[in-house]
Amino acid sequence: MEFANLGALRVPADVLAQVPRALAARYRLMPLGREGAALRVAISYPLDTDGIDSLSHMLKLTIMPVVATAEDIARAINRSYGGEAGSLDQLLTNFAVPEAEESVDSGVTPPAAGADTPEDSDAPIIRLVHSIISEAIQRRVSDIHLEPLEKRFRVRYRIDGVLLEVENPPKRLQLAIIPRLKIMANISIAEKRIPQDGRIQITVGGRSLDLRVSSLPTVHGESIVMRILDKAGLQLGLPELGFFSDDQAAFERLITLPDGILLVTGPTGSGKTTTLYGCLHYINKPDRKIITVEDPVEYQVTGINQVPVRKEVGMTFASALRAMLRQAPNIVMIGEIRDLEMAEIAINASLTGHMVFSTLHTNDAPGAGTRLLDTGVKPFLVSTALRGVMAQRLVRKVCPNCRAPHHPTASELRSLNLALLPGQLAGAQFKKGAGCPECHGTGYRGRMGIFEIFVVTDEIERMIYEQASSARLREKARTIGMRTMREDGARKASAGLTTIEEVVSITVGDAN
């Protein structure tokens, strides 16, 4: 057989696309080129015809083998397919089989005589699950989604708020991966009919992380979502959350008040919890007693008394709030105000000398006052207790590795209402990411907040007491200096921290 020297090999991209890396690594072969209906490949062991036959069957091509050393083939695979495979790629390569041979049977084949023990056979699954989590942490993933579909088992990572599909494990491993994760999360593997929640504590690269695990039954199996909770995020100061100095000063004044209610509003995933924990970290001093009531307790913080809600034993939000007031706290944090009972207890706590932090689901900051009124709280209680509201969203930051100056078009400036404010554009430094390996070609890396801070003044207090609409409250707040989220985003886009497209897409409801 012909001997091939692979040292200076340059394989066309269309040939590499025909033979996936996992297949090339599994059969230890390297595609070299296409000659009509034949594919020329390098192999290291000429008598191993299984790989050649399988490849021929899958590609419907005639395979023309040549000989090369195993070391040259391994180096050629790493070089041609874009660098060394990570541990997850290597494990999935070991599990990979041709599609025609892959079985989706739910049965388990008993081991043959002399085969590995069950513990040994489970070890690859344990390594695979650990690699899925480890790679997610290395890529700064916030959520890991494992979703059983009809013919495949999809794995997706949420990076900077955007879902990205990664290489999927074979469908046949679904029945091994999901029970493994449920065991790690200390939830029942026998129960598959109802949703379950658990927690995994793991150490990766010297970092101790918590994973909040949610299991949901679907048509094709149990869907698993793991939220990665990194305690390092709690140590962020207010500037790291995205505050400019003027907003930071206003917010610090609110969170250091002796009593009242401060609300953080926004949709799910907008960073409300991180902001609240950042506030607690800022004011967590030895002379202050802080108690939180959460469902569940996402982050465990030293120096703070954290109370988990357990409805099955009668420990509800309301009962926990009543009991915690007898503990004489200075500061109280409630995970979320959900109904009239919780709102009244929180307001009464604020009126008896406690500072209360909580979250609420509203689209903007002025709407929080009317939202509390809608729950049934008396207007005089809301107007007296409410000190301020901050609405927030998360926008992606421009990648620092590949950012470059950007000259926005007139339509881009109009979308931010900047076309009529040339004075604001004098010192603007718009930036945009070109895309690089650090940001996986997206041009963005990391996220920051954009904020709308609504301070309750005497005039605003009177308007809330008179049950003014949120539109009137918003208009009045604008006249006394409140900056909207779009305006805050425009400042950060003009400073080169994010892009105009990102701000416009996140603040669609703030177009006016």
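Residues numbered from 1 in each chain as written. Predicted model: local features only at pLDDT ≥ 70, side-chain atom pairs only at ≥ 80, totals over all residues. Heavy atoms only, no water.

Student: Outline the nonpolar core, supporting the account with residue identities and numerical values.
Tutor: Here is a general trend for soluble globular proteins: nonpolar side chains tend to be buried in one another's company. Counting 45 residues, the largest nonpolar core has Ile261, Leu263, Ile334 and Phe454 as the members making the most contacts within it. Element by element, the count of residues in this core is highest for helix H12 (residues 340–351), at 6 residues. With near-sequence residues (within four places) excluded, isoleucine 334 lies in contact with Val293, Phe317, Leu321, Met342, Ala346, Val356, Phe357, Ser358 and Thr359. Counting 30 residues, the second-largest nonpolar core is a separate cluster that includes Phe153, Val155, Leu181 and Ala185. (Core = buried A, V, L, I, M, F, W, Y, C linked by side-chain atoms within 4.5 Å. Buried < 20%, exposed > 50% of the residue type's maximum accessible area, 1.4 Å probe, protein only. Helix = DSSP H or I, 4+ residues; strand = E, 2+ residues; numbered from the N terminus. Contact = heavy atoms within 4.5 Å.)

Student: Residue-level account of the pattern of salt bridges, with values.
Tutor: Under the counting rule described, the total for this entry stands at 26 salt bridges. The shortest N-O distance in the salt bridge between arginine 387 and aspartate 259 comes to 3.2 Å. Separated by 128 residues along the polypeptide, arginine 387 in strand S15 (residues 386–398) and aspartate 259 in the loop between helix H9 (245–255) and strand S10 (260–265) bring together distant segments of the chain. The salt bridge partner of lysine 432 is glutamate 501, with a shortest N-O separation of 2.9 Å. Remark: glutamate 501 occurs in helix H20 (residues 500–506) and lysine 432 occurs in strand S17 (residues 431–433); sequence separation between them is 69 residues. Judged by relative accessible area, lysine 432 falls into the partly exposed class, the value being 32%. Owing to a relative accessible area of 32%, glutamate 501 belongs among the partly exposed residues under this scheme. (Salt bridge = Lys/Arg side-chain N within 4 Å of Asp/Glu carboxyl O.)

Student: Pulling in residues and values, what's your account of the environment of threonine 316?
Tutor: Within the element layout of this structure, threonine 316 appears in the loop between strand S12 (305–308) and helix H11 (317–325). Taking the C-alpha atoms as reference points, threonine 316 and aspartate 295, 21 residues apart in sequence, are found 9.2 Å from one another.

Student: So what's going on with the sheet that holds strand S13 (residues 331–334)? Residues and values would help.
Tutor: A sheet is described by the order of its strands in space; here 7 strands give the open sequence S12-S11-S13-S14-S10-S15-S18, paired in mixed fashion. Single-partner strands in this sheet number two, and they are S12 and strand S18 (444–455). Averaged over neighbouring strand pairs, the angle between their axes works out to 20° when direction is ignored. Pairing of S10 with strand S14 (residues 355–360) involves 6 bridges; the strand directions are parallel. Across the sheet, the residue bridging to glycine 260 is methionine 355, located in S14. Where H9 meets the sheet, its contacts fall on S10, S14, S15 and S18, and the angle it forms with S18 comes to roughly 60°. (Pairing = 2+ DSSP bridges. Axes fitted to C-alpha atoms, helices over the stretch in contact; angles between N-to-C directions.)

Student: Tell me what's going on with the sheet that holds strand S8 (residues 207–218), and back it up with residues and numbers.
Tutor: Pairing within the open sheet is antiparallel, and its 6 strands lie in the order S6-S5-S4-S9-S8-S7. The open sheet has two free edges, formed respectively by strand S6 (162–165) and strand S7 (196–204), since each of these has just one partner strand. Geometrically, the sheet is characterised by an average inter-axis angle of 25° between neighbouring strands, direction not taken into account. Bridge analysis of S8 against strand S9 (residues 221–229) gives 9 bridges, and the strand direction is antiparallel. Across the sheet, residue arginine 212 finds its bridge partner in S9, namely arginine 227. Contacts from helix H7 (residues 174–184) reach strand S4 (141–148), strand S5 (153–159), S7 and S9, with the element oriented near 45° to S9.

Student: Go over unusual backbone geometry, please, and point to the residues and values.
Tutor: With a phi close to 55°, alanine 328 is a non-glycine residue in the positive phi region. Tracing the backbone through its elements, the reader meets alanine 328 in the loop between H11 and S13. Overall, the relative accessible area of 56% leaves alanine 328 in the exposed class. The backbone of glutamine 467 sits at a positive phi, close to 60°, despite the residue not being glycine. Among the structural elements, glutamine 467 can be located in the loop between helix H17 (458–465) and helix H18 (470–479). Of the residues examined, glutamine 467 reaches a relative accessible area of 54% and is grouped as exposed.

Student: An account of the packing of H9 against helix H10 (residues 272–283) is needed here, citing residue identities and associated values.
Tutor: Contact geometry of H9 with H10 gives a least axis separation of 11 Å together with a crossing angle of 70°. With respect to H10, the element H9 is oriented roughly perpendicular. Each of Phe251, Glu252 and Ile255 in H9 lies in contact with H10, whose residues at this interface are Thr275, Cys279, Tyr282 and Ile283. Split into classes, the residues belonging to the contact of H9 with H10 amount to 5 nonpolar, 1 polar and 1 charged. (Parallel < 35°, antiparallel > 145°, perpendicular 65-115°, else oblique. Nonpolar A, V, L, I, M, F, W, Y, C, P; charged D, E, K, R; others polar.)

Student: An account of the packing of aromatic side chains is requested, with residue identities and associated values reported.
Tutor: Counting across every chain of the model gives 2 aromatic pairs. Ring centres of phenylalanine 243 and phenylalanine 251 lie 5.2 Å apart, and the angle between their planes is 20°; on these two criteria the pair is classed as stacked. For phenylalanine 243, a relative accessible area of 5% puts it in the buried group. Judged by relative accessible area, which is 0%, phenylalanine 251 ranks as buried. Between phenylalanine 243 and phenylalanine 451, the ring centres sit 4.1 Å apart and the planes meet at 0°, which makes this aromatic pair stacked. In this pair, phenylalanine 243 sits in the loop between helix H8 (238–241) and H9 while phenylalanine 451 sits in strand S18, placing the two residues 208 residues apart along the sequence. Of the two residues, phenylalanine 243 and phenylalanine 451, both sit in the buried class. Among the aromatic residues, those joined into a cluster by ring pairs are Phe243, Phe251 and Phe451. The ring of tyrosine 444 has arginine 396 lying over it, and the distance from NZ or CZ to the ring centre is 4.1 Å. (Phe/Tyr/Trp six-rings, centres within 6.5 Å; stacked < 30°, edge-to-face > 60°. Lys NZ or Arg CZ within 6 Å of the ring centre and 35° of its normal.)

Function-wise, these values are silent; they only describe arrangement.
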